[in-house]
Structure formats: C-alpha cells, structure tokens
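Okay, here's what each chain looks like letter by letter:
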Amino acid sequence: MFGLNKTAIVYTPHATTGAYTVAAKTGLRCRLAYIEQGGSRIGGEREAIGSKRRLLWAEAYTMPDDAQVLIDSQRWNVKEGTCGELTGIDGSTVIYRRCEVVVAK
C-alpha cells in the first residue's frame with residue numbers, strides 16, 4: 001500500500017500482569033494519520049488532535065481489539081471497536097485496514 005512510512009510493533013496484554021509486553025506482530029508497515037476534528041481548531045481541541053490518530057496498515061494483518069502499538073518510541077492504544085477494513089470495488093477484496101489509536105499514558 002502506498003504511504004506506509006512507519007514500522008510498528010503490536011503488543012497484547014500479558015495473561016497474568018495485563019501489561020502490554022507480548023509482541024503479537026513486529027515490523028508492521030503502517031501510517032499514523034491525523035483525524036479531522038471538524039469545526040475550528042482552538043483551545044482544547046488542538047491538544048486532542050495530536051493525541052488521537054488513525055492507524056492504517058496493509059490488509060494481511062488483523063489487529064487485535066485489545067492492543068498497543070509502538071511507533072517511533074511512542075506507544076498508542078487501539079480504541080476498542082474501531083478496527084475495520086476498506087474494501088475494493090468488488091466489496092470483498094481488502095485494500096487496507098485501519099483503527100483509531102490514542103496516546104498511551
């Protein structure tokens with residue numbers, strides 16, 4: 001896919017500690033995109049723009065709903081229920097996958 005300019009490590013929670021330490025996927029080619037917030041970008045909205053993004057990646061990998069990704073030394077939590085796919089004109093061929101992520105605190 002065009003524009004996958006980052007590489008991520010996908011972590012899932014450890015079974016006993018719950019910490020995101022289990023590497024589910026390494027070397028995932030991806031892209032972090034800003035999400036349009038709508039309206040004017042003043043005050044508190046400006047801060048929210050940088051802490052919430054859309055993660056795009058190639059069609060071959062299915063992201064777990066409960067995951068955390070590491071990209072460029074920054075960890076992002078996958079927002080549950082936001083994982084989806086974009087299909088081609090035929091409606092069945094997956095072109096890429098996406099989800100919303102927020103900065104892990």
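Up top you'll find the structure we're talking about.
Residues numbered from 1 in each chain as written. Predicted model: local features only at pLDDT ≥ 70, side-chain atom pairs only at ≥ 80, totals over all residues. Heavy atoms only, no water.

To describe a pair of aromatic rings, one takes the distance between the centres and the angle between the planes. Applying the stated rule across the entire model yields 0 aromatic pairs. Sitting above the plane of the Y34 ring, R53 keeps its charged end 4.0 Å from the centroid. One residue, R75, lies across the ring of Y11, its end atom 4.3 Å from the ring centre. (Phe/Tyr/Trp six-rings, centres within 6.5 Å; stacked < 30°, edge-to-face > 60°. Lys NZ or Arg CZ within 6 Å of the ring centre and 35° of its normal.)

All right, on to the side chain of T12 then. If you trace the backbone, T12 turns up in strand β1 (residues 6–13). Ignoring sequence-local partners within four residues, the contact set of T12 consists of A19, Y20, T21, V22, A24, P64 and D66. (Helix = DSSP H or I, 4+ residues; strand = E, 2+ residues; numbered from the N terminus. Contact = heavy atoms within 4.5 Å.)

Bringing the nonpolar core into the picture now. Core analysis: the biggest nonpolar cluster contains 16 residues, and L55, W57, M63, V69 and I71 have the highest contact counts within it. Elements represented by at least two residues in this core include exactly β1, β2 (20–34), β3 (52–58), β4 (68–71), β5 (74–78) and β7 (94–103). For this core, the element with the highest residue contribution is β2, accounting for 3 residues. (Core = buried A, V, L, I, M, F, W, Y, C linked by side-chain atoms within 4.5 Å. Buried < 20%, exposed > 50% of the residue type's maximum accessible area, 1.4 Å probe, protein only.)

Examined bridge by bridge, strand β6 (residues 84–87) and β7 share 4 bridges and lie antiparallel to one another. Paired with T87 across the bridge in β7 is V94. What sits between the antiparallel neighbours β6 and β7 is a turn of 6 residues, in which G91 has the positive phi angle 80°. (Pairing = 2+ DSSP bridges.)

Our next topic: the pattern of salt bridges. Counted by the stated rule, this structure contains 5 salt bridges. Of the charged contacts in the structure, one is a salt bridge between K52 and E100, with a shortest N-O distance of 3.6 Å. Of the two residues, K52 sits in strand β3 while E100 sits in strand β7, which places them 48 residues apart along the sequence. Overall, the relative accessible area of 24% leaves K52 in the partly exposed class. Residues R54 and E100 are paired through a salt bridge, measuring 4.0 Å at the closest nitrogen-oxygen approach. Of this pair, R54 sits in strand β3 while E100 sits in strand β7; the two residues are 46 residues apart in sequence, bridging distant segments of the chain. A relative accessible area of 18% places E100 in the buried class. If you follow the salt bridges from partner to partner, you end up with K52, R54, K79 and E100 in one network. (Salt bridge = Lys/Arg side-chain N within 4 Å of Asp/Glu carboxyl O.)

Note that every value here comes from positions in space, so none of it alone points to a role or purpose.
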